[in-house]
Amino acid sequence: MLGVILESITRPSEVAALLQYKFAPKSSSTERLKQSLANDASKKECYKYLNMTSRSFAAVIQELDDELRDAVCLFYLVLRGLDTIEDDMTLNLDRKVELLRSFDQIIYQKGWTFNENGPNEKDRELLVHFDVVIDEFLKLKPEFQKVIANITKLMGNGMADYATGEHRENTSVATVKDFDLYCHYVAGLVGYGLSDLFAASGLESKEIAEDKTLSNAMGVLLQKTNIIRDYREDLDDGRQFWPREIWGQYIDKFGDLTKPENKDKAKHCLNHMVLNVLNHVPDSLTYLSRLRNQSVFNFCAIPQVMAIATLALVFNNLDIYQRNIKIRKGEAVKMILQSTNMDNVIAIFRHYVFEIAKRNEATDPNFMNISMAVGRVS
Ligand code: D61
Ligand code: MG
């Protein structure tokens, strides 16, 4: 906490937000969740795994209204389990593909657990105790179960296609179209599933699940932002998610973007990647503007606002090629406290997109395209 305050010490509004957040009374939703966990050990386990495996989503999920909280928590845990199989580079490829393609059936097998993940896989514990997730999944309303199983099937098969390189000539991401499709599988589909859950809960109208382009954009914007921010970590782990169609315009070898002698090209490449994400901003704002329930609005708006702030942080910032960079906790908390209505969310988006415009340079080959993408938001 002290470190967090020091990081924001020159920004009084952030220090105020941190203190307000820290000493705020527990929300009524948190209270009700605590009550529902008091005499339910297996549900309690699930929320323990939610908090263990997600820094970004645990808090916003727990703040959802009662009608949705458990369904979204289980949706998250099921997909985190699936992703823990996808991410494991120590698993044999045939075994991985078999698991990915059948995961939508595994979630109906009472007692199923998995201990074949490598010892260093970050969420391996979740799969070791996956029987608890399955028990709670099977207690959800059949309509919720169907949404979750349907998305799990589509995502598992999409991940398997990528793991085997089925739809293209090699295992890295070649074209912008491939990049969009991969992000659709791993994140856009979450947007579809969440919209279906919102509609099934009755907290939002059926229309929210009808425009798939908007639901997809919600997830793709988050995933692409993570992929830019995580360049170095992924490179060090032997993964490449940036499409060659973009980085190939600037450099011959993906890893060469880290080299000091390539810094201008690396900067232009990075900004080209940010430009690609900016294209999803109008759809994300349109989706948010259609939400009616307060808890659903906060749940959806907070991650989007964090992503826009992260995009502004990475734009024109060569540090991403050397280390992990993150927005300050004080900045994050200030945004969380503000992200409760559409007017504030639009103001936050404008603020960060304006930050990008200020650091846009006339020497950048995409200077004009970036200006136009900015113009579409402000
Ligand atoms: C509103 C609110 C939250 C939303 C949304 C709309 C639309 C989409 C998403 C959240 C999904 C965002 C994904 C961005 C984070 N990326 C990852 O976690 C990557 O894994 C992707 C596959 C598993 C997706 C699991 C997930 C994530 C968030 C959820 C959810 C399911 C269910 C409900 C609510 C939020 C990434 O994982 C990194 C890691 O291992 O930690 C990767 O492997 O690329
Ligand atoms: Mg993954």
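In this convention, every chain numbers its residues from 1, walking through the sequence in written order. Written order determines the labels here, with chains lettered from A and ligands numbered from 1. With pLDDT at 70 or above as the cut-off, local features in this predicted model cover only qualifying residues; side-chain atom pairs require 80 or more to be listed or tallied, and sums for whole chains, interfaces and linings still use all residues. Only hydrogens and water are removed before side-chain values are computed, so all heavy atoms of the structure are retained for them.

Undergrad: Describe the overall build of the protein chain, listing the residues and the values that go with them.
TA: Each helix corresponds to a stretch of at least 4 residues labelled H or I by DSSP, and each strand to a stretch of at least 2 residues labelled E; elements are numbered beginning at the N terminus. In terms of regular secondary structure, the protein chain is built from 20 helices and zero strands. Projected onto its principal axes, the C-alpha coordinates of the protein chain cover approximately 60 × 50 × 45 Å. To sort residues, take the accessible area from a 1.4 Å probe on protein chains only and compare it with the maximum for the residue type: under 20% means buried, over 50% means exposed, and anything in between is partly exposed. For the protein chain, the residues scored as buried account for 54% of the 378 residues in total. Residues count as neighbours in contact if any of their non-hydrogen atoms are within 4.5 Å of one another. Across the protein chain, the fraction of contacts at a sequence separation of at least 24, relative to all contacts at a separation of at least 6, is 71%. Looking at the protein chain, you have 46 positive and 52 negative side-chain charges, and the mean spots of the two groups are 4 Å apart. Positive charges come from Lys and Arg, negative ones from Asp and Glu, while His and the chain ends are left out of the count. In this description, the location of a charge corresponds to atom NZ of lysine, CZ of arginine, CG of aspartate or CD of glutamate.

Undergrad: Describe the side chain of Lys96, naming the residues involved and giving the relevant values.
TA: For Lys96, the position within the fold is in helix H7 (residues 93-106). A pair is scored as a salt bridge if a Lys or Arg side-chain nitrogen falls within 4 Å of a carboxyl oxygen belonging to Asp or Glu. Within the buried core, Lys96 has no salt-bridge partner, and the shortest N-O distance to an opposite charge, that of Asp88, equals 6.4 Å. In protein, a polar contact means a hydrogen-donor-capable atom and an acceptor-capable atom, both N or O and within 3.5 Å, with residues adjacent in sequence counting only if both atoms are side-chain atoms; elsewhere, any N or O pair within 3.5 Å suffices. At 3.0 Å, the side chain of Lys96 forms a polar contact with the backbone oxygen of Asp88. Sequence-distant contacts of Lys96, defined by excluding residues within four places in its chain, comprise Ile85, Glu86, Asp88, Leu91 and Ala163.

Undergrad: Residues and numbers for the packing of helix H16 (residues 281-289) against helix H17 (residues 294-314), please.
TA: Axis lines are fitted through C-alpha atoms, for helices just across the contact stretch, and the angle between N-to-C directions can take any value from 0 to 180 degrees. Where H16 meets H17, the closest approach of the two axes is 10 Å, and the angle between their N-to-C directions is 160 degrees. Here H16 is positioned roughly antiparallel relative to H17, judged by the angle of their axes. Seen along the crossing, H16 lies across H17 with a hand that is left-handed. In this structure, H16 uses Val281, Ser284, Tyr287 and Leu288 to contact H17, whose residues at the interface are Phe297, Cys300, Ala301, Gln304 and Ile308. Across the contact of H16 with H17, the residue classes break down as seven nonpolar, two polar and no charged. Note on terminology: angles under 35 degrees are roughly parallel, angles over 145 are roughly antiparallel, angles of 65 to 115 are roughly perpendicular, and the others are oblique. We call a crossing left-handed when the near helix sits turned anticlockwise from the far one by less than a right angle, and right-handed when that turn is clockwise. Classification convention: Asp, Glu, Lys, Arg as charged; Ala, Val, Leu, Ile, Met, Phe, Trp, Tyr, Cys, Pro as nonpolar; all other residues, Gly among them, as polar.

Undergrad: Describe the site of ligand 1, listing the residues and the values that go with them.
TA: The rule for a residue being near a molecule or strand is that one of its heavy atoms must lie within 4 Å of it. In the region of ligand 1, 21 residues are neighbours, and Arg80, Asp83, Asp87, Lys122 and Gln223 sit closest. Interatomic distance of 3.0 Å between a side-chain N/O atom of Asp83 and an oxygen atom of ligand 1. Protein chains bury 90% of the 820 Å² of accessible surface belonging to ligand 1 in isolation. Secondary-structure elements contributing two or more residues to the shell around ligand 1 are helix H6 (66-87), helix H11 (176-201), helix H12 (212-229) and H17. Surface accessibility in these figures is a Shrake-Rupley result with a 1.4 Å probe; residues are shielded only by whichever protein chains are displayed.

Undergrad: With reference to specific residues and values, describe the pattern of salt bridges.
TA: In the structure shown here, the tally under the stated rule is 21 salt bridges. The salt bridge involving Glu45 is made with Lys48; its shortest N-O contact spans 3.3 Å. Placement of both Glu45 and Lys48 in helix H4 (residues 41-53) is noted, with a separation of three residues, approximately one turn of the helix. We classify Glu45 as partly exposed; its relative accessible area is 25%. We classify Lys48 as partly exposed; its relative accessible area is 39%. The residue Asp230 makes a salt bridge to Arg229 at a minimum N-O spacing of 3.0 Å. For Asp230, a relative accessible area of 14% translates into the label buried.

Undergrad: Account for the environment of Leu214, naming residues and giving values.
TA: Within the secondary structure, Leu214 is located in helix H12. A C-alpha to C-alpha distance of 5.2 Å links Leu214 and Asp283, two positions 69 residues apart in sequence. If sequence neighbours within four positions are ignored, Leu214 has contacts with Asp283, Thr286, Tyr287 and Arg290.

Undergrad: Requested: an account of the side chain of Asn293, with residues and values cited.
TA: With respect to the helices and strands, Asn293 occurs in the loop between H16 and H17. Residue classification places Asn293 among the buried positions, given a relative accessible area of 12%. Within the structure, the side chain of Asn293 is placed 2.9 Å from the backbone nitrogen of Val296, a separation counted as a polar contact. Contact partners of Asn293, with chain neighbours within four places excluded, come to Asp65, Leu203 and Glu204.

Undergrad: Break down a nonpolar patch on the surface for me, with residues and values.
TA: Each patch is built from residues lacking any salt bridge and having more than 30% relative accessible area; the joining distance is 9 Å for like charges and 5 Å for nonpolar side chains (Val, Leu, Ile, Met, Phe, Trp, Tyr). On the surface, a nonpolar cluster with roughly 330 Å² of combined accessible area is contributed by Met1, Leu19 and Phe23. You can see Leu19 is positioned in helix H2 (residues 12-23).

Undergrad: If you had to explain the packing of aromatic side chains to someone new, which residues and values would you point to?
TA: Aromatic pairs are defined between Phe, Tyr and Trp rings, using the six-membered ring for Trp, whenever the two ring centres lie within 6.5 Å; interplanar angles under 30 degrees are classed as stacked, those over 60 as edge-to-face, and all others as tilted. Per the stated rule, a full pass over the model turns up 16 aromatic pairs. Ring geometry for Phe57 versus Tyr76: centroids 6.5 Å apart, planes at 45 degrees, classification tilted. Within this pair, whereas Phe57 is found in the loop between H4 and helix H5 (58-62), its partner Tyr76 is found in helix H6, the two being separated by 19 residues in sequence. Through successive ring pairs, a cluster of aromatic residues spans Tyr231, Trp242, Trp247, Phe254 and Tyr321.

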